[in-house]
Amino acid sequence: MKLCIVSDTHLRTEELHAAALVAADADLILHAGDEVADAKWLTAYVDVPVIGVAGNWDTPTQEYPLERVVAADEPILLVHGHRLGVKASLWPLVERAKAVGARVAVYGHTHIRYVGVEDGVLVVNPGSLAQPRGGNPATFARVDSTRTSSGIHYRVEHWTTAGAVVSEFEWFVEK
């Protein structure tokens, strides 16, 4: 499965559209909040499902709750992260992912790209397309997962909207 993951787009639809074009082969787009209006806008421009959650700038709704578990090769916890305190620690996010049976946790809020494995959970922050922090370029993430007879191989890349890969990470989970 190929995922395009965005977050913290803050009404910068040009960058959001550019990311969707760069990741045109995605099977699914995940929007980790701020702002849900952008996720709604994107659905008119792509032929794949767009699934999103509310961020701290958004009002949660049934369509865009504060968190959701997305069905993929393995369940994915999708949150913005502000209610889990991701700026201070990833531990509450990882614990929440494990509690809902998710092997992957996607969050935003910090505007800083991140990928790593924390206590057996693949944790991904795509960065921000609108207001990146920490001297980083505006980024989104691509996650490619491949199921094999012995497990699942994950490849995570952070991309710019110009199509440059700025980070790469691989992880294999045995059955």
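Computed from a predicted model, the values in this text were never measured in an experiment.

Conventions used here
Residues numbered from 1 in each chain as written. Predicted model: local features only at pLDDT ≥ 70, side-chain atom pairs only at ≥ 80, totals over all residues. Heavy atoms only, no water. Helix = DSSP H or I, 4+ residues; strand = E, 2+ residues; numbered from the N terminus. Polar contact = N/O pair within 3.5 Å; in protein donor to acceptor, adjacent residues only side chain to side chain. Buried < 20%, exposed > 50% of the residue type's maximum accessible area, 1.4 Å probe, protein only. Lys, Arg positive; Asp, Glu negative; His and termini not counted. Salt bridge = Lys/Arg side-chain N within 4 Å of Asp/Glu carboxyl O. Contact = heavy atoms within 4.5 Å. Pairing = 2+ DSSP bridges. Axes fitted to C-alpha atoms, helices over the stretch in contact; angles between N-to-C directions. Phe/Tyr/Trp six-rings, centres within 6.5 Å; stacked < 30°, edge-to-face > 60°. Lys NZ or Arg CZ within 6 Å of the ring centre and 35° of its normal.

Novice: Describe the environment of histidine 109, and please don't skip the residues or the numbers.
Specialist: Here histidine 109 is to be found in the loop between β6 (104-106) and β7 (114-118). Spatially, the C-alpha atoms of histidine 109 and aspartate 34 are 7.9 Å apart, while their sequence positions differ by 75 residues. Separated by 3.2 Å, the side chains of histidine 109 and asparagine 56 make a polar contact.

Novice: Tell me about the side chain of aspartate 34, and please be specific about residues and values.
Specialist: Take aspartate 34: it is sitting in the loop between β2 (28-31) and α2 (36-42). Within the buried core, aspartate 34 has no salt-bridge partner, and the shortest N-O distance to an opposite charge, that of arginine 133, equals 7.9 Å. At 3.3 Å, the side chain of aspartate 34 forms a polar contact with the backbone nitrogen of asparagine 56. A distance of 2.7 Å separates a polar side-chain atom of aspartate 34 from the backbone nitrogen of tryptophan 57. When residues no more than four places from it in sequence are discounted, the contact partners of aspartate 34 are Ser7, Asp8, Thr9, His10, Gly55, Asn56, Trp57, Asp58 and His80.

Novice: Outline the sheet that holds strand β10 (residues 151-159), listing residues and values.
Specialist: Backbone-to-backbone hydrogen bonds pair the strands of a sheet. The strands run either parallel or antiparallel. A sheet is described by the order of its strands in space; here 6 strands give the open sequence β3-β2-β1-β9-β10-β11, paired in mixed fashion. Since the sheet does not close on itself, it has two edges, and those belong to β3 (50-52) and β11 (165-174), each with one partner. Strand-to-strand twist across the sheet, computed as the mean angle between neighbouring axes with direction ignored, equals 20°. Where β10 and β11 come together, 9 bridges link them in antiparallel fashion. For valine 156, the partnering residue across the bridge sits in β11 and is phenylalanine 169.

Novice: Just give me the short version of the packing of aromatic side chains, but keep the residues and values in it.
Specialist: Inspection of every chain in the model, using the stated rule, returns 2 aromatic pairs. On the basis of an interplanar angle of 35° and a centroid distance of 4.3 Å, the ring pair of tryptophan 41 and tyrosine 45 is categorised as tilted. A residue is classified by how much of its surface remains accessible, and tyrosine 45, at 47% relative accessible area, is partly exposed. Between tyrosine 154 and tryptophan 171 the ring centres are 5.9 Å apart and the planes differ by 20°, which places this aromatic pair in the stacked class. With tyrosine 154 in strand β10 and tryptophan 171 in strand β11, this residue pair connects regions lying 17 residues apart in the sequence. The buried category is assigned to tyrosine 154, whose relative accessible area is 4%. It is arginine 142 that lies over the ring of tryptophan 159; its NZ or CZ is 5.5 Å from the centre.

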